[in-house]
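Geometric and topological summary
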Amino acid sequence: MNILTEKFTTPYHSAPFNKIRNEDYLPAFKDLIQKSEEEINAIVDNQDAPTFENVIEALAYSGEQLDVVSNIFFNLNSAETSDEIQKIAQEVSPILTEYSSKISQNEALFSKIKKVYDEKEKYNLNEEQEMLLNETYKGFVRSGALLNEEDKEKLKKISMDLSLKSLQFGQNVLASTNNYFKHITNKEDLAGIPEAILEQYAEEAKERNLEGWVVTLQYPSYIPFMTYAENRELRKEIALANGKKSFDGGEFDNQNLIKELLSLKQQKAELLGYKNYADYILEERMAKSPTKVIDFLNELLTKAKPYADKEIEELKSLAKADGIEEMQGYDHAFYAEKLRKAKYDLNDEELKPYFPLNQVQDAVFGLAEQLFGLTFEERNDIPKYHEEVKVYEVKEVFDSAQTSNQQPSTHFKALLYVDYFPRKGKRAGAWMTSYKNQYKKDGENSRPHISIVCNFSKPTKDTPSLLTFQEVTTLFHEFGHALHGMLADTQYPTLSGTSVKWDFVELPSQFLENFCYEPEFLKTFAKHYKTGEVLPDEKIEKIAQSKNFMEGYQTLRQLGFGLLDMNFHTKVGELENKSVKEFEDEYTKATQLYPSNPETAMSPSFSHIFQGGYSAGYYSYKWAEVLDADAFQYFKENGIFNPEIAAKYKVLLSSGGTKDPMELYKSFRGSEPKVESLLKRAFG
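In this text the structure is predicted, and so the values were computed from the model without any measurement. (Residues numbered from 1 in each chain as written. Predicted model: local features only at pLDDT ≥ 70, side-chain atom pairs only at ≥ 80, totals over all residues. Heavy atoms only, no water.)

**Some remarks on the sheet that holds strand β9 (residues 449-453)**
Taken together, the five strands give an open sheet; going across it, the order is β3-β4-β5-β9-β6, and neighbouring strands pair in mixed fashion. In this open sheet, the two strands that pair with only one neighbour each are β3 (374-378) and β6 (431-436). Taking each pair of neighbouring strands and ignoring which way they run, the sheet shows an average axis angle of 30 degrees. Relative to strand β4 (residues 390-398), β3 is paired through five bridges, and the arrangement is antiparallel. (Pairing = 2+ DSSP bridges. Helix = DSSP H or I, 4+ residues; strand = E, 2+ residues; numbered from the N terminus. Axes fitted to C-alpha atoms, helices over the stretch in contact; angles between N-to-C directions.)

**Some points on the packing of helix α4 (residues 83-104) against helix α7 (residues 149-179)**
Running from N to C, α4 and α7 cross one another at 155 degrees; their axes reach a closest spacing of 9 Å. When the axes of α4 and α7 are compared, the pair comes out roughly antiparallel. Note on packing geometry: the crossing formed by α4 with α7 is right-handed. Contact residues: Gln86, Ala89, Gln90, Ser93, Pro94, Thr97, Glu98 and Ser101 in α4; Lys156, Ser159, Met160, Ser163, Leu164, Leu167, Gln168, Gln171 and Leu174 in α7. Looking at the contact of α4 with α7 residue by residue, the class counts come to six nonpolar, nine polar and two charged. (Parallel < 35°, antiparallel > 145°, perpendicular 65-115°, else oblique. Left-handed = near helix turned anticlockwise from the far one by under 90°. Contact = heavy atoms within 4.5 Å. Nonpolar A, V, L, I, M, F, W, Y, C, P; charged D, E, K, R; others polar.)

**A look at the side chain of Thr490**
Note that Thr490 resides in the loop between α17 (469-486) and α18 (507-513). On the basis of relative accessible area, Thr490 is assigned to the buried category, the value being 1%. Side-chain polar atoms of Thr490 contact the backbone oxygen of Tyr492, separated by 3.3 Å. Dropping the residues within four chain positions of it, Thr490 is found in contact with Glu128, Gln438, Tyr439, Lys440, Leu495, Ser496, Ser654, Ser655, Gly656 and Thr658. (Buried < 20%, exposed > 50% of the residue type's maximum accessible area, 1.4 Å probe, protein only. Polar contact = N/O pair within 3.5 Å; in protein donor to acceptor, adjacent residues only side chain to side chain.)

**Some remarks on helix α3 (residues 64-79)**
If you check α3, its first and last C-alpha atoms are 22 Å apart, about what 16 residues at 1.5 Å a residue would give, namely 22 Å. For α3, the set of buried residues is Leu66, Val68, Val69, Ser70, Ile72, Phe73, Asn75, Leu76, Asn77, Ser78 and Ala79. At its buried positions, α3 is contacted by α1 (22-45), α4, α7, β5 (409-419), β6 and β9. (Expected span 1.5 Å × (residues − 1).)

**Comments concerning helix α24 (residues 620-638)**
Here α24 contains 19 residues, and its C-alpha end-to-end distance of 27 Å stays within 8% of the 27 Å for a straight helix at 1.5 Å per residue. Along α24, 15 of the 19 residues are buried, which leaves the element largely enclosed by surrounding structure. Residue Gly639 follows α24 closely and has a positive phi angle near 105 degrees.

Here's what the structure looks like:
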């Protein structure tokens, strides 16, 4: 018996990580694909006239266990991978792509969907049902349902190739990251680096059976080195190594893979009747067209560039005092930290003792309780995929008390997995994901299982995990996504939680970051891990003031990524005569504040667009910033813990993709978002 093909007997039917063996995956996928195909066949073979219930709803609920197993497997491939899992992924991906293509190109199924769609006026559908019908029909059309047989086969092959090559891209970046380390034996080379970070480097060396210190390209190791190391030559060496990830012509080089991926996407778009892949993607986004995105990004570029130039001039003055005539990109973090300390008397190492991970987590949990009535209790009886992972049972409190002696009632809301520390088998960065979606069926509200994965500094034998302030905002960001998943309350799994338009999905995450800069909230949890002393008022005030520090630089950096992404997906033909590096330099030139280094390129490790879901969608971070600035302004005007506004915002979060996002936003805010809210927050 295969544990993955049966209903899990764990608490809340959670993933039985402790019993899953790698050899279970492939047969489970094959078995569950067969079962899912039988469910599809039952819809197709049903002799009754097609209806919303026996076609659209039946399809929405099909393949439930296959979805769960896919989530388990591919989430582990990101958070706890191995050579064996990566090999299985290469086998499984084409099988799943073929299955998906088989459904989306099933003519008999589509004819039933089309009949229901064409006759939708005769059904008395509510708003969510109508959205499901429209999204289902559009999804099939966008997957090639209207193509002829020959083109369907072409599309199927393209989809399979894209799936495998995207996987390969991510595996190359991970391998390239893990392959490099800098072994340092002379402590003088580490001048300027705080003791806590040195301890981290020493532990890394010890794990590798080396004397001295080891710096890696994992962010908790790389970023502090670039920020504090006084040795400019070493900063340059390690920055070059980082910039060469999958761009060194070696085994894990991604340059040809980028061209292949972009060519396949262009072929897919053209087959489906679109001019380019960006047109195909943006049809289903709030922004609607590449022109609108480019105009949006260029408008922000025009506004932000003078601020960025001014910021860089300040840094150059500091560098010049150290005898540096021409600042380079690898100098930026070092001098930005110097300037930040001079301006606000703040540095990460000084602040970190006030932000131990457990306190920051308690704070974000407490905020969720205050705004949305959620409570979090650790469960030790729920299986985990790694000993460092923690699992929390999330409940919602309903104040049903009618008299003083009645207790509020609670209902189970979600499971939350948290996985905070870097490991060799975990990709870089931070993300939220889900193991199981929320939906309602047969009178039961099936609740979601959500996960947050980060790469924070590990605790050492002497200190707990202490977060930089940027890591504090990262945790709040991912928890914002998690709230979107945990508060989900929709009928259908395909419209639940974060299943929203991609340029809307970052609103909840970026919105929550705003609380990190509010003095009245910071005072509740920014306390020294040894003494319990609250972070002094002047430091809290400086954190609030420093919110916009280097905002011009950060804005141009994000705009550069967004413009590069949009041009990759609208001008792929230019890559026939250009290298990836030449293309990157050309389309990020307007946003570059430092000289381009011919030895480095960021595109070959740009996982967001070549492995993740941000192809032709990276602009959505900035798009969502307009939404989050406008939304938080609403709270600021009425009190950041205002219960009435929190209740309205909770409705927005729980509604998932059941409504048009702009309509959902206007229901919450009373008006469309204003770009002025972002400009005011960013530049005053």
